[in-house]
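So you can see what is in the structure, the chains are spelled out below.
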Amino acid sequence: MLIGIAVAVRQVSTGSTGAGVALGLVFVLLAVGLSPLVFPRSLAAAEAQRRSAVDGRPIIYWRPGCQFCLRLRIRLGPAGRRAHWVDIWRDPDGAAAVRAITGGDETVPTVVVAGQPHVNPDPGWLRGQLA
């Protein structure tokens, strides 16, 4: 993001205000979209599984930079906060759980609803599960 802002400032300083603003917006959107800050706080897989067993909420396994995870998060909107999120790049047990579900791959988003795994589920369907 800092490099994008520097490029945008340089464009504006050389008189290309429109290009600078456009580049700045593109870099800010990319930084926000690829940031783990867009997602709710991640839990360890064991804690997510424990909480899910108590409250019945789905577990969503994800990783930063995944366009499918970002699409799911955006389409879930505020309802996404009602799920337990596990970042598989931060939690080796979460990555192992995904590999066990997908036959050895780390395909995300992988969602577990009521003990049943779903790989890259339809966001509309999952939103209904979170209601």
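Criteria and thresholds
- Residues numbered from 1 in each chain as written.
- Predicted model: local features only at pLDDT ≥ 70, side-chain atom pairs only at ≥ 80, totals over all residues.
- Heavy atoms only, no water.
- Axes fitted to C-alpha atoms, helices over the stretch in contact; angles between N-to-C directions.
- Helix = DSSP H or I, 4+ residues; strand = E, 2+ residues; numbered from the N terminus.
- Parallel < 35°, antiparallel > 145°, perpendicular 65-115°, else oblique.
- Left-handed = near helix turned anticlockwise from the far one by under 90°.
- Contact = heavy atoms within 4.5 Å.
- Nonpolar A, V, L, I, M, F, W, Y, C, P; charged D, E, K, R; others polar.
- Buried < 20%, exposed > 50% of the residue type's maximum accessible area, 1.4 Å probe, protein only.
- Pairing = 2+ DSSP bridges.

### Re the packing of helix α4 (residues 67-76) against helix α6 (residues 123-130)
Part 1: For the pair α4 and α6, interaxial distance at closest approach is 9 Å and the crossing angle is 50 degrees. In this view, α4 runs oblique relative to α6, as classed from their interaxial angle. Crossing hand, α4 versus α6: right-handed. Only Pro-123, Leu-126, Arg-127 and Leu-130 of α6 make contact with α4, whose side of the interface consists of Arg-71, Leu-72, Arg-75 and Leu-76.
Part 2: Classifying every residue of the contact of α4 with α6 gives 5 nonpolar, no polar and 3 charged.

### Quick look at unusual backbone geometry
Part 1: That bond from Val-108 to Pro-109 is cis: its omega, 0 degrees, falls within 30 degrees of zero.
Part 2: Position of Pro-109 among the secondary structure elements: in the loop between α5 (92-102) and β3 (110-113).
Part 3: The backbone phi angle of Ala-114 is positive, close to 55 degrees, even though this residue is not glycine.
Part 4: The topology assignment puts Ala-114 in the loop between β3 and β4 (116-119).
Part 5: Ala-114 gets classed as exposed once you look at its relative accessible area, which sits at 71%.
Part 6: Phi angles above zero are rare outside glycine, and Asn-120 is one such case at about 50 degrees.

### Quick notes on the pairing of β4
Part 1: Here 4 bridges tie β3 to β4, and the two strands are oriented antiparallel to one another. Looking at β4, one finds that Val-113 is bridged to Gln-116.
Part 2: Adjacent in sequence and paired antiparallel, β3 and β4 are bridged by 2 residues, among which Ala-114 carries a positive phi angle near 55 degrees.

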